[in-house]
Amino acid sequence: MKLDIIPVKWSDEGVLMLDQRLLPTEEKWLTLRTYNEVAVGIKDMVVRGAPAIGVSAAYGVALAAKTFVGTDITDLEDEIEFASDVIGKTRPTAVNLFWAIDRMKRTFLAAKDAGKSVIEIKQILIDESKAIHDEDIEAQRLIAKFGGELLNDNDSVLTHCNAGALATGGVWGTALGVIRGAVDQGKNVTVYADETRPYLQGARLTAWELMQDDIPVTLITDNMSGHVMKRGDIHAVVVGSDRIAANGDVANKIGTYMVAVLAKRHGIPFYVAAPLSTVDMNCPTGDDIPIEERDRTEVTHVKDIQLAPEGVGITNYAFDVTPNDLVTAIITEKGVARAPYVESLKAQFES
Ligand code: MRU
């Protein structure tokens, strides 16, 4: 394994993002010089995946401070509020976005209360955004370790969407981190990747990412997962999450719920891997999680090719919620949480 995919980086010129819209056929990096550009990058899926969105949002707020021209701390505060608002309006389901913005705002207020100057606060916010990134990578490393221990030698694992290094601060990933963790522990693991319609994160990103690390991967269309489970070809399902409610209900890429139901039917463990920054203790249940709806063309078209008749009715829910009774365990950087999640997740925050 190379373990070298880091999809977003801070640089003196601005925020660098690997343009995930172009993968797997082109590897192109964009330099985003303003917080507005970062917000557009998140909304347009240059970067995607909940933890990667969180890291990018933190860098966006840091960029707003860095590019601020002036010496008045109240004006800087207004600028940070405004930038946070713009960035916060990009993707409603991934809670890491709001978690990272809140943390950056709290850091600003603490620095202001401590009497720091505008110049000092700019550096403090840049340092905080880098810390959020470093901590995310460390959380994925621990998820990989704890999750890897749940898999057995020669397991074949089904995953949905892309919950890999590309979807996080980088290196390990969450669901793919669990797989990388098992491989790192010397186990043979093979992967089935759902293509993940409509945006095809599985086909475009998961397949590419695993091939970079020489982990054997077989791509299937979404409607094949029941058949491969019934054949006995799947030993575990591992997915990531965009937001986990306090009761363990899991929002993840559309189609995850179907996979969880199928896993239950076939007695296959269904694991969710996510850092605690994805757990929203302010959402009591999955019913409280806002579900993003995206542009109709993602369903009617693949790139420029039209698949459906002009004018057909469309819904394009980007996420669904898997009820906690279908979830075998939730793997975080603190360990493996099991039902009842209201207690086990709370205990992880307190540990
Ligand atoms: O719409 P996306 O590509 O941002 O959705 C991503 C997912 O649903 C991932 O599974 C989730 O964010 C977990 S990423 C570690």
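Residues numbered from 1 in each chain as written. Predicted model: local features only at pLDDT ≥ 70, side-chain atom pairs only at ≥ 80, totals over all residues. Heavy atoms only, no water.

Draft legend 1. Focus on the packing of helix α4 (residues 95–113) against helix α5 (residues 118–148). Two numbers describe how α4 lies on α5: the axes approach to 10 Å, and their chain directions differ by 145°. The chirality of how α4 crosses α5 is right-handed. Contacts between α4 and α5 involve Trp99, Ala100, Arg103, Met104, Thr107, Phe108, Ala111 and Lys112 from the former and Ile121, Ile124, Leu125, Glu128, Ser129, Ala131, Ile132 and Glu135 from the latter. Split into classes, the residues belonging to the contact of α4 with α5 amount to 10 nonpolar, 2 polar and 4 charged. (Axes fitted to C-alpha atoms, helices over the stretch in contact; angles between N-to-C directions. Helix = DSSP H or I, 4+ residues; strand = E, 2+ residues; numbered from the N terminus. Left-handed = near helix turned anticlockwise from the far one by under 90°. Contact = heavy atoms within 4.5 Å. Nonpolar A, V, L, I, M, F, W, Y, C, P; charged D, E, K, R; others polar.)

Draft legend 2. Seen up close, the sheet that holds strand β3 (residues 29–32). Within the open sheet, the 3 strands sit side by side as β1-β2-β3. Their pairing is antiparallel. One side of each edge strand has no neighbouring strand; the edge strands of this open sheet are β1 (8–11) and β3. Between one strand axis and the next, the sheet turns by 25° as a mean value, whatever way the strands run. Relative to strand β2 (residues 14–18), β1 is paired through 4 bridges, and the arrangement is antiparallel. In the sheet register, Ser11 faces β2, and the bridge partner there is Gly14. Relative to the sheet, helix α2 (residues 50–66) contacts β1, β2 and β3, its axis offset from that of β1 by approximately 20°. (Pairing = 2+ DSSP bridges.)

Draft legend 3. Structural context of helix α7 (residues 201–212). Given a rise of 1.5 Å per residue, 12 residues ought to cover 16 Å, and the 15 Å separating the end C-alpha atoms of α7 matches this to within 8%. Burial analysis of α7 places 9 of its 12 residues in the buried class, which makes it a mostly covered element. Of the positions making up α7, those classed as buried are Gln201, Gly202, Arg204, Leu205, Thr206, Ala207, Trp208, Glu209 and Leu210. Check the buried side of α7 and you find it contacts β4 (155–159), α6 (175–184), β5 (189–194), β6 (217–220) and β9 (250–253). Positive phi shows up at Asp214, right after α7, with a value of about 55°. (Expected span 1.5 Å × (residues − 1). Buried < 20%, exposed > 50% of the residue type's maximum accessible area, 1.4 Å probe, protein only.)

Draft legend 4. Highlighting the nonpolar core. By size, the foremost hydrophobic cluster in this structure holds 40 residues, and its most contacted members are Val15, Met17, Ile42, Leu76 and Ile87. Elements supplying a minimum of two residues to this core: β1, β2, α1 (35–43), α2, α3 (73–88), α4 and α5. If you tally residues by element for this core, the top one is α2, at 12 residues. Setting aside its immediate chain neighbours within four residues, Met17 contacts Pro7, Val8, Lys28, Trp29, Leu30, Leu32, Val38, Val46, Val47 and Ser56. Among the nonpolar cores identified, the runner-up in size contains 25 residues, and Tyr192, Val237, Ala263 and Ile268 belong to it. (Core = buried A, V, L, I, M, F, W, Y, C linked by side-chain atoms within 4.5 Å.)

Draft legend 5. The arrangement of the side chain of Asp19 in detail. Within the fold, Asp19 resides in the loop between β2 and β3. Ignoring sequence-local partners within four residues, the contact set of Asp19 consists of Lys28, Leu30 and Val46.

Draft legend 6. Just the sheet that holds strand β10 (residues 270–273), in detail. The strand order across the open sheet built from 7 strands is β6-β5-β4-β7-β10-β15-β16, with neighbouring strands paired in mixed fashion. Because the sheet does not close on itself, it has two edges, and the strands there are β6 and β16 (335–337). The average undirected angle you get between the axes of adjacent strands in this sheet is 25°. As paired elements, strand β15 (residues 329–332) and β16 share 3 bridges and run antiparallel to each other. For Ile331, the partnering residue across the bridge sits in β16 and is Val336. Helix α11 (residues 341–350) rests against β15 and β16 of the sheet, and its axis sits at about 155° to β16.

Draft legend 7. Examining the pattern of salt bridges more closely. Evaluated as defined, the whole model comprises 16 salt bridges. The partner of Arg180 in a salt bridge is Glu209, with the nearest N and O atoms 2.8 Å apart. Taken together, the residues Arg180 in helix α6 and Glu209 in helix α7 connect sequence positions 29 residues apart. Here Arg180 and Glu209 have matching classes, each one buried. (Salt bridge = Lys/Arg side-chain N within 4 Å of Asp/Glu carboxyl O.)

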